[in-house]
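Listed here are the chains, written in short residue letters.
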Amino acid sequence: PVVADTEMLGTPDPELSATMGFSGFGKKARTFDLEAMFEQTRRTAVERSRKVLEAREREKEDQTEKEFRIPCTDSSSSASSARAVASTLTERETASSESEDSSDEELTGPAMHSQSSAKVPSEDNDDDDDEFIGPPLPPGFKDSDDDNDYDTEEEDNNPVKKIPDSHEITLQHGTKTVSALGLDPSGARLITGGYDYDVKFWDFAGMDASLQAFRSLQPCECHQIKSLQYSSTGDVILVVSGNSQAKVLDRDGFPVMECIKGDQYIVDMTNTKGHTAMLNSGCWHPKIKEEFLTCSNDGTVRTWDVNNEKKHKSVFKPRSVQGKRVIPTTCTYSRDGKLIAAGCQDGSIQIWDRNMTVHTKFHCRQAHASGTDTSCLTFSYDGTVLASRGGDDTLKIWDIRQFKKPLNSVDGLPSFFPMTDCCFSPDDKILVTGTSVKKGGGSGKLFFFYRETFQKLYEIEVTDASVVRCLWHPKLNQIMVGTGNGLAKVYYDPVKSQRGAKLCVVKTKRKERQAETLTQDYIITPHALPMFREPRQRSTRKQLEKDRLDPLKSHKPEPPVAGAGRGGRVGTHGVTLSSYIVKNIALDKTDDSNPREAILRHAKEAEENPYWVAPAYAK
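In this text the structure is predicted, and so the values were computed from the model without any measurement.

A.B. asks: An account of the overall build of the chain is requested, with residue identities and associated values reported.
C.D. replies: A tally of helices and strands in the chain yields 12 helices and 28 strands. Each of the 619 residues in the chain was classed as buried or not, and the buried ones make up 37%. Contacts in the chain between residues at least 24 apart in sequence constitute 50% of all its contacts with a sequence separation of at least 6. When the accessible surface of the chain is split by element, carbon and sulfur atoms take 53% of a total near 38,500 Å².

A.B. asks: Mind laying out the pairing of strand β27 (residues 478-483), listing which residues take part and the relevant values?
C.D. replies: Two faces make up the sheet, and in a regular strand the side chains alternate between them. In terms of burial, β27 is a largely internal element, six of the six residues being buried. Burial along β27 is two-sided: the face carrying Q478, M480 and G482 and the face carrying I479, V481 and T483 are both buried. Hairpin connection, strand β26 (residues 467-473) to β27: the antiparallel pair is bridged by four residues, and N477 has positive phi, about 55°. What sits between the antiparallel neighbours β27 and strand β28 (residues 487-492) is a turn of three residues, in which G486 has the positive phi angle 85°.

A.B. asks: An account of the packing of aromatic side chains is requested, with residue identities and associated values reported.
C.D. replies: Within this structure, the stated rule accounts for nine aromatic pairs. Measuring from ring centre to ring centre gives 6.3 Å for Y195 and F417, while their planes differ by 50°; the resulting arrangement is tilted. On the criterion of sequence distance, the pair formed by Y195 in the loop between β3 (189-194) and β4 (199-203) and F417 in the loop between β21 (408-410) and β22 (422-424) is long-range, its members being 222 residues apart. With respect to class, Y195 is no different from F417; both count as buried. Between R335 and the ring centre of Y381, over which it is positioned, the NZ or CZ distance is 4.1 Å.

A.B. asks: Residues and numbers for the UniProt feature "repeat: WD" (unreviewed entry) in the chain, please.
C.D. replies: UniProt marks residues 171-203, 272-314, 333-353 and 367-401 with the feature "repeat: WD" (unreviewed entry), using the numbering shown here. Between the C-alpha atoms that bound residues 171-203 the distance is 11 Å, and the span itself is 0% helix and 58% strand.

A.B. asks: Residues and numbers for the sheet that holds strand β15 (residues 339-344), please.
C.D. replies: Reading across the sheet, the four strands line up as β14-β15-β16-β17 and stay open at both edges, with antiparallel pairing between neighbours. On the outer flanks of this sheet lie β14 (328-333) and β17 (362-364), each paired with one strand and no other. Here the strands of the sheet are splayed against their neighbours by 15° on average, with no regard to which way each runs. In terms of strand pairing, β15 meets strand β16 (residues 349-353) through five bridges, oriented antiparallel. Considered in β16, the bridge of A341 is made with I351.

A.B. asks: Can you explain the pattern of salt bridges? Please cite residues and give values.
C.D. replies: Throughout the structure, instances matching the rule amount to 23 salt bridges. In this structure, the salt-bridge partner of D298 is R302, at a minimum N-O distance of 3.7 Å. Both residues of the pair, D298 and R302, belong to the buried class. Counted as one network, the salt bridges with shared partners bring together E39, R42 and R43.

A.B. asks: Outline the pairing of strand β2 (residues 178-183), supporting the account with residue identities and numerical values.
C.D. replies: For β2, the buried fraction is high: six of the six residues fall into the buried class. Bridge analysis of β2 against β3 gives five bridges, and the strand direction is antiparallel. The partner of G182 across the bridge, within β3, is I191. Here β2 folds back onto β3 in antiparallel fashion, the turn holding five residues, of which G187 has a positive phi close to 85°.

A.B. asks: Account for the side chain of T332, naming residues and giving values.
C.D. replies: With respect to the helices and strands, T332 occurs in strand β14. T332 gets classed as buried once you look at its relative accessible area, which sits at 11%. Apart from the residues lying within four places of it in its own chain, the contact partners of T332 are C283, L293, L339, I340, A341, L377 and F379.

A.B. asks: Can you tell me about a nonpolar patch on the surface, naming the residues and giving the values?
C.D. replies: A contiguous nonpolar surface patch, about 390 Å² in accessible area, is contributed by F32, L34, M37 and F38. Its place among the elements puts L34 in helix α2 (residues 34-68).

A.B. asks: I'd like to hear about the sheet that holds strand β19 (residues 385-389), residue by residue, with values.
C.D. replies: Here four strands make up an open sheet; going across it, the order is β18-β19-β20-β21 and the pairing antiparallel. Bordering the open sheet on either side are β18 (376-379) and β21, each of which pairs with just one other strand. The mean angle between the axes of side-by-side strands here comes to 15°, regardless of whether they run parallel or antiparallel. Summarising the sheet, β19 and strand β20 (residues 395-399) pair through five bridges and their orientation is antiparallel. Across the sheet, V385 pairs through a bridge with D399, a residue of β20.

A.B. asks: So what's going on with unusual backbone geometry? Which residues, and what values?
C.D. replies: Residues other than glycine seldom take positive phi values, yet E221 does so here, at roughly 45°. Positionally, E221 belongs in the loop between β5 (215-217) and β6 (225-230). Look at E221 and you get exposed, because its relative accessible area is 55%. With a phi angle near 70°, D428 is a residue other than glycine that sits in the positive phi range. Locating D428 in the fold gives a position in the loop between β22 and β23 (430-434).

Procedures and definitions
Residues numbered from 1 in each chain as written. Predicted model: local features only at pLDDT ≥ 70, side-chain atom pairs only at ≥ 80, totals over all residues. Heavy atoms only, no water. Helix = DSSP H or I, 4+ residues; strand = E, 2+ residues; numbered from the N terminus. Buried < 20%, exposed > 50% of the residue type's maximum accessible area, 1.4 Å probe, protein only. Contact = heavy atoms within 4.5 Å. Areas by Shrake-Rupley, 256 points an atom, 1.4 Å probe, with all protein chains shown as cover. Pairing = 2+ DSSP bridges. Phe/Tyr/Trp six-rings, centres within 6.5 Å; stacked < 30°, edge-to-face > 60°. Lys NZ or Arg CZ within 6 Å of the ring centre and 35° of its normal. UniProt positions renumbered as here; feature names shortened; annotations may be inferred. Axes fitted to C-alpha atoms, helices over the stretch in contact; angles between N-to-C directions. Salt bridge = Lys/Arg side-chain N within 4 Å of Asp/Glu carboxyl O. Patch = residues over 30% accessible without salt bridge, like charges linked within 9 Å, V, L, I, M, F, W, Y side chains within 5 Å.

Below, the structure written as structure tokens:
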């Protein structure tokens, strides 16, 4: 391993070497004995580790002594422990060093641990003698002042202040319940679906302050929309409606695929290719963008692939305690997509491993009251906790590893809809749900609960109808709410929220163009015969000015007579024939009060100009 000297083959011209910068060519290379260097380094390292061990033992002895004595700053022990720490810090650097002189130089000063344990009391003793009496504080201890700082920090991080509800906008979906809401992952587009069969698309960046949807369609003819959700990439939308076939649309609402309908005459649901009864809910896989999940009144939960509409991927069959078929009313994936959870009509929550369709991995039989529809299941963002919204007016939170009883629950939250939602806040500390009200029974509210304690933090009175859907988008930090009277409300805070509703409220409404005076299109035909030639088109403005000067054309038409006659005209009661005759009779002003005078009025004329009687008797 000795590096050999490099000998020159020939010595170059000194002038040339000076100009070209080769002045070092004549010297011999230095020799390095690598083995000796390694041996030197090894020795240094061994010596260093021995010193460290000795220092540690010494420190332990000091510590045991200190436990039985009132603490005092012992210079020798602190110096030795300092040496120990310093030596551990510099061990790696010194091991690779070449000379022994440099390795003997050590850091001087108090040790890290003894610094925190011995220094704090001494400082505080200077300030306040009564504060510290007794053995030294453990290394992880926080000073009381630090605790106060922590409390003020907690006040700043008050969870209620994180709720973005200072402003709101209202999107008018229709007049019937908004039963489905979906936001794409980027938060640029909102879709709403309702009991009026419509799905409406709202583009925050394209909307102005008039808040009009840019597209409305009925993807499932006359079936109520149960659920809408964008896939994890945001390029397709899952539409679950009241029929047995889920649909997938692209971003603009054009159909991509429709699931197949199963054969309703087959008893075993595993052998049918699709659902045979009304769907209840559906959602996308959080990681695999082509896979989605649906559950139905045929008692199955099925997974599907967008690229294969002819058959489901797998079937999960929830079972009651007796092993009988039970209807799943809601279903969801866990955040990592490995588990599938379903809430059933017998009050149970059943969870399967996505790859094992037969037996449940976790289940809770009496999660909610039997015979009620569990309307929503949702996993927290950290994936450890499951929240369930029951048709028995409760909201519960579960740790699926200890699934026998809920971590927390709250009741008295009425729900009349099979899709009443609950969702977690983006920081995972708050749980949100809405309540239902009967017509004229007050306001539907949005409740915010603290996840750890289930203490009610806050409530928002939304509108005088039920609150059905709620959605708190993590990127926008805005809360979308679907209500029972056809509104979709968006709550936001100009400071805490991003984009979304903030984009469209700042745009002014576009002015509607004034309808121009309708004029007949003028066709120019220069070579037409005189009889077909049209007079040359003049500008309408000049023509209108001329008409204004003409007393006949600018004469205001008589207004219709209302009530009794006015201005010499008789008021007509309607436009019937009888009213016309009555009017005309009234126009006859002859006075027939004396019949003899009326006859004799014609006597003189008859005498002078006989026409009727006299000519007959003339002969």
